[in-house]
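# Coordinates in review
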Amino acid sequence: MSANLTPRAKFATTLLRTAAALSRATGRGDGSVIGGRVGLIVEPRLLELLAEGRHVVLISGTNGKTTTTRFTTAAIEAIGKVATNSFGANMPTGHTTALAKAPKAEYAALECDEHYLGQLLDAASPKVVALLNLSRDQLDRAMEVTALAAKWRQTLQASAAQTTVVANADDPLIVWAASVCQRVVWVAAGQSWTADSAICPNCGSHLDRFGEFWRCTNCGLNRPSPQWSVAQQGEAVVGPDGRRYELNLQLPGRVNRANAATALAIASLFGVDPAQAAPRLSEVASVAGRYAKVEREGRHLRLLLAKNPAGWLESFDMIDPNPPVVLSLNAREVDGFDTSWIYDVDFTSLAGRKVVVTGDRRTDLAVRLEVDGVDFLVVDDIRAAIAAVPPGPVEVVANYTAFQDIRAEFNRVN
Ligand SMILES: [Zn+2]
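Residues numbered from 1 in each chain as written. Predicted model: local features only at pLDDT ≥ 70, side-chain atom pairs only at ≥ 80, totals over all residues. Heavy atoms only, no water.

### Details of the sheet that holds strand β14 (residues 325-328)
The line we're drawing: In this analysis, strands are considered paired if DSSP registers two or more bridges between them. Only runs of H or I of at least four residues qualify as helices and only runs of E of at least two qualify as strands under DSSP, and these elements are numbered from the N terminus. It only takes one pair of heavy atoms within 4.5 Å for two residues to be counted as in contact. Where helices are involved, their axes are fitted lines through C-alpha atoms of the stretch in contact, as for all axes, and angles between N-to-C directions lie from 0 to 180°.
In space, the six strands of this open sheet follow the order β12-β13-β17-β14-β15-β16, with mixed pairing throughout. Of all strands in the sheet, those with a lone pairing partner are β12 (293-296) and β16 (377-378), marking the two edges. Relative to β16, strand β15 (residues 355-358) runs parallel, the two sharing two bridges. Each residue of the ladder has a partner; that of Val-357, found in β16, is Val-378. Sheet contacts for helix α14 (residues 400-409): β12, β13 (299-305), β14 and β17 (392-398); angle to β13, the most-contacted strand, approximately 145°.

Next comes the structure, spelled out in structure tokens:
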């Protein structure tokens, strides 16, 4: 750990903390990115030096990485201090800051942007790498997702033999990428979005699916038997020996139970007893503002972030069946300017309930709902949306900047 840092690395760490603190003081976010940037300019090997001697897990994938990292941190904290990039600064600058801020932490749980996984594997020499899923993000196309899986496969093949991979057996792209590794723990983490994996990533042939099972009709790539899974009945995770670990999560949906299964699988590789870890996951109430509950004028809003097609489908699975739903869509730079992806999402599950539509691109969303035969009301902003629904619970689903706008309205900083 940082006790052995060189004088230059110590100096870089001090500058990093100062820059991050200044950035926070001037109201520019939590300062992770700028702090890390300053530290890495002074000592380009800072991330590597700060990671040295710690037990590191990297968590990557298109969806669920922030929540899974949060769950994993809660689980490993049962046995020691954990450094983590809890505000989603998931590139090397953010990782450097997370490690610099927790010099005494023996463990590190780092959420990693999909495109930086190779770099992090080199720099952080992780004990465990968790691969959740790959689907098209707002800025990607399906072909790019396959290219990313190929890049992961190449990187993992070259990775150190002591790294264990925890991988989603339900996602063919993940299975293909992870199957080159010597040690893999498979988790049945589900796949709500199958459109990007109808074709075998290994040979391009058609994939056959029978219930949960899938297999390539040509090369035989198929779903490995999972050691960890979400229980079919009740809210629990089933471990490798068939033992049940009851969950009592505050975070909704099957997707989050799957994230919990992955976190327990990771934690057990660090020597944490899953029976001890599982109750700790129920203490997680919101993750960087996601799933947060806010109240105004008797309306109790639950805020769900959905950045991409898979995320929208997952959020429809998470919401309670009765309350009104507010959907908010923007198309600013980080969201991607093109909203045509909403035609890849099936909105029919919302039919029959009260749906209110807002955001910069509310008209795009309205047209989409019209096509799916879902009744809706269009309003100017979240305030008008609140006024349009009766007091009681309300589910709010928004994409990235729309979500930030809504959080700002409620003065939420995290
Ligand atoms: Zn194949």
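### Quick notes on the side chain of Thr-66
Formally: Each residue is placed in one exposure class: buried if its accessible area under a 1.4 Å probe, protein chains only, is under 20% of its type's maximum, exposed if it is over 50%, and partly exposed if it falls in between. A 3.5 Å cut-off defines polar contacts: any pair of N or O atoms within that distance qualifies, except that in protein one atom must be a possible hydrogen donor and the other a possible acceptor, and neighbouring residues in sequence count only when both atoms are side-chain atoms.
Positionally, Thr-66 belongs in helix α4 (residues 65-76). Take Thr-66: its relative accessible area is 7%, and that puts it in the buried class. At a separation of 2.9 Å, a polar atom in the side chain of Thr-66 contacts the side chain of Glu-111. When neighbours within four sequence positions are excluded, Thr-66 is seen to be in contact with Glu-111, Val-287 and Arg-290.

### Considering the packing of helix α9 (residues 253-269) against helix α10 (residues 274-281)
Counted only if it meets this: In this scheme, roughly parallel covers angles under 35 degrees and roughly antiparallel covers those over 145, while 65 to 115 is roughly perpendicular and the rest are oblique. Crossings are assigned a handedness: left-handed for a near helix turned anticlockwise from the far helix by less than a right angle, right-handed for a clockwise turn. Under the scheme applied, nonpolar residues are Ala, Val, Leu, Ile, Met, Phe, Trp, Tyr, Cys and Pro; charged residues are Asp, Glu, Lys and Arg; polar residues are all the others, including Gly.
In contact at an axis separation of 10 Å, α9 and α10 are set at 140° when each is read in the N-to-C sense. Our classification of the angle between α9 and α10 gives oblique. Every pair of crossing elements has a handedness; the one defined by α9 and α10 is right-handed. Two secondary-structure elements touch here, α9 through Ala-260, Leu-264 and Ser-268 and α10 through Pro-274, Ala-277, Ala-278 and Leu-281. Tallied by class, the residues present in the contact of α9 with α10 amount to six nonpolar, one polar and no charged.

### Quick word on the pattern of salt bridges
In plain terms, the rule: For salt bridges, the criterion is a side-chain nitrogen of Lys or Arg within 4 Å of an Asp or Glu carboxyl oxygen.
Overall, the coordinates contain 16 salt bridges when judged by the stated rule. The closest approach of N and O atoms between Glu-235 and Arg-257, which form a salt bridge, is 3.4 Å. Within this pair, whereas Glu-235 is found in the loop between β9 (228-230) and β10 (236-238), its partner Arg-257 is found in helix α9, the two being separated by 22 residues in sequence. The class for Glu-235 is partly exposed, based on a relative accessible area of 36%. Residue class for Arg-257 comes out buried when judged on its relative accessible area of 17%. The closest approach of N and O atoms between Glu-409 and Arg-296, which form a salt bridge, is 2.6 Å.

### A few points about the packing of helix α1 (residues 7-25) against helix α5 (residues 92-101)
For the pair α1 and α5, interaxial distance at closest approach is 10 Å and the crossing angle is 105°. In terms of orientation, α1 lies roughly perpendicular with respect to α5. Residues Thr-13, Leu-16, Arg-17 and Arg-24 of α1 form the contact with α5, whose own contacting residues are Thr-96, Thr-97, Ala-100 and Lys-101. Among the residues forming the contact of α1 with α5, the class breakdown is two nonpolar, three polar and three charged.

### A look at the sheet that holds strand β6 (residues 184-188)
Across the sheet, which stays open at both edges, the nine strands sit in the order β2-β3-β1-β4-β5-β6-β9-β10-β11 with mixed pairing between neighbours. The sheet is open, and its two edges are formed by β2 (82-84) and β11 (244-246), each paired on a single side. Recorded for the sheet is a direction-independent mean angle of 20° between the axes of neighbouring strands. The sheet contact formed by strand β4 (residues 128-131) and strand β5 (residues 164-168) spans four bridges and is parallel. Bridging across to β5, Val-128 finds its partner in Thr-164. On top of the sheet, α4 reaches β1 (55-60), β2 and β3 (107-111); it is set at about 170° to β3, its chief contact. Strand contacts of α5: β2 and β3, with the helix running at about 155° to β3, the strand carrying the most contacts.

### Here's the deal with the environment of Pro-321
With respect to the helices and strands, Pro-321 occurs in the loop between α11 (309-318) and β14. Distance in space between the C-alpha atoms of Pro-321 and Pro-224 is 33 Å, their sequence separation being 97 residues.

### Section: the domain arrangement of the protein
Here is the rule we go by: Boundaries between domains were set according to an automatic or database domain assignment. Accessible area, probed at 1.4 Å, shrinks when two parts are joined; the buried area is that loss added up over both.
The domains assigned to the protein are domain 1 (47-281) and domain 2 (293-409). Each of domain 1 and domain 2 has a C-alpha centre, and these two points are 28 Å apart. Between domain 1 and domain 2, the residue contacts involve 14 residues of the former and 16 residues of the latter. Interface area, domain 1 with domain 2, both sides summed: about 1400 Å², of which 55% is carbon and sulfur. Across the salt bridge formed by Arg-136 and Asp-344, the nearest N and O atoms sit 3.1 Å from each other. Counting across the domain 1 and domain 2 interface gives two residue pairs in polar contact (both at pLDDT 80 or more). Its residues placed into classes, the side of domain 1 that touches domain 2 shows four nonpolar, seven polar and three charged.

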